[in-house]
Amino acid sequence: MIMENKLNLTAVYVPAEEGGFTAYIEEIRGAVSEGDTFEEAQENLYDALQLILETEREEREKELSGKNVVRKTLRIAV
């Protein structure tokens with residue numbers, strides 16, 4: 001049996017008074033970006049999310065360095 005894992009996050013795009021969009025992910029604090037167009041805001045938000053996840057992973061790896069832990073990749077369909 002093959003299970004497909006999915007993770008649904010909510011991206012919110014708010015038109016800015018000066019033009020463009022501010023974008024954030026409701027479920028992840030700090031995942032915020034902006035762009036001159038909707039598409040640019042969407043791409044920048046994806047980049048912000050990647051940066052947050054990479055930074056968090058690096059921080060945890062440092063904290064757990066030398067400890068006996070099990071790491072397993074969690075695959076999420078996008």
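Everything discussed here concerns the structure shown above.
Keep in mind that this is a model prediction, so the values were computed, not measured. (Residues numbered from 1 in each chain as written. Predicted model: local features only at pLDDT ≥ 70, side-chain atom pairs only at ≥ 80, totals over all residues. Heavy atoms only, no water.)

Before going further, it helps to examine the side chain of Ser 33. By the element assignment, Ser 33 lies in strand E3 (residues 32–35). Apart from residues no more than four positions distant in its own chain, Ser 33 is found in contact with Phe 21, Thr 22, Ala 23, Asn 44, Leu 45 and Ala 48. (Helix = DSSP H or I, 4+ residues; strand = E, 2+ residues; numbered from the N terminus. Contact = heavy atoms within 4.5 Å.)

It is worth spelling out a negative patch on the surface at this point. On the surface, Glu 17, Glu 18, Glu 34, Asp 36, Glu 39, Glu 40, Glu 43 and Asp 47 cluster together into a negatively charged patch. In terms of residue count, helix H1 (residues 38–63) provides more of the negative patch than any other element does, four residues in total. The residue Glu 34 is located in strand E3 in this model. By relative accessible area, which is 55% here, Glu 34 ends up exposed. (Patch = residues over 30% accessible without salt bridge, like charges linked within 9 Å, V, L, I, M, F, W, Y side chains within 5 Å. Areas by Shrake-Rupley, 256 points an atom, 1.4 Å probe, with all protein chains shown as cover. Salt bridge = Lys/Arg side-chain N within 4 Å of Asp/Glu carboxyl O. Lys, Arg positive; Asp, Glu negative; His and termini not counted. Charge placed at Lys NZ, Arg CZ, Asp CG, Glu CD. Buried < 20%, exposed > 50% of the residue type's maximum accessible area, 1.4 Å probe, protein only.)

The grouping of Leu 7, Leu 9, Leu 74 and Ile 76 at the surface amounts to a nonpolar patch, some 370 Å² of accessible area in total. Position of Leu 7 among the secondary structure elements: in the segment before strand E1 (11–15). When its relative accessible area of 47% is taken as the criterion, Leu 7 is described as partly exposed.

Moving on, we get to the packing of aromatic side chains. One pass over the full model with this rule turns up two aromatic pairs. Here the aromatic rings of Tyr 13 and Phe 38 are separated by 4.5 Å at their centres, their planes lie at 50 degrees, and the arrangement is tilted. Taken together, the residues Tyr 13 in strand E1 and Phe 38 in helix H1 connect sequence positions 25 residues apart. These aromatic residues form a ring-pair network of at least three members: Tyr 13, Phe 21 and Phe 38. (Phe/Tyr/Trp six-rings, centres within 6.5 Å; stacked < 30°, edge-to-face > 60°.)

Attention shifts here to the pattern of salt bridges. Counted by the stated rule, this structure contains two salt bridges. A salt bridge links Glu 56 to Arg 60; the nearest nitrogen and oxygen atoms lie 2.5 Å apart. Within this pair, Glu 56 and its partner Arg 60 are both found in helix H1, separated by four residues, close to a single helical turn. Note on Glu 56: relative accessible area 37%, which makes it partly exposed. Exposure remark for Arg 60: the relative accessible area of 36% places this residue in the partly exposed category.

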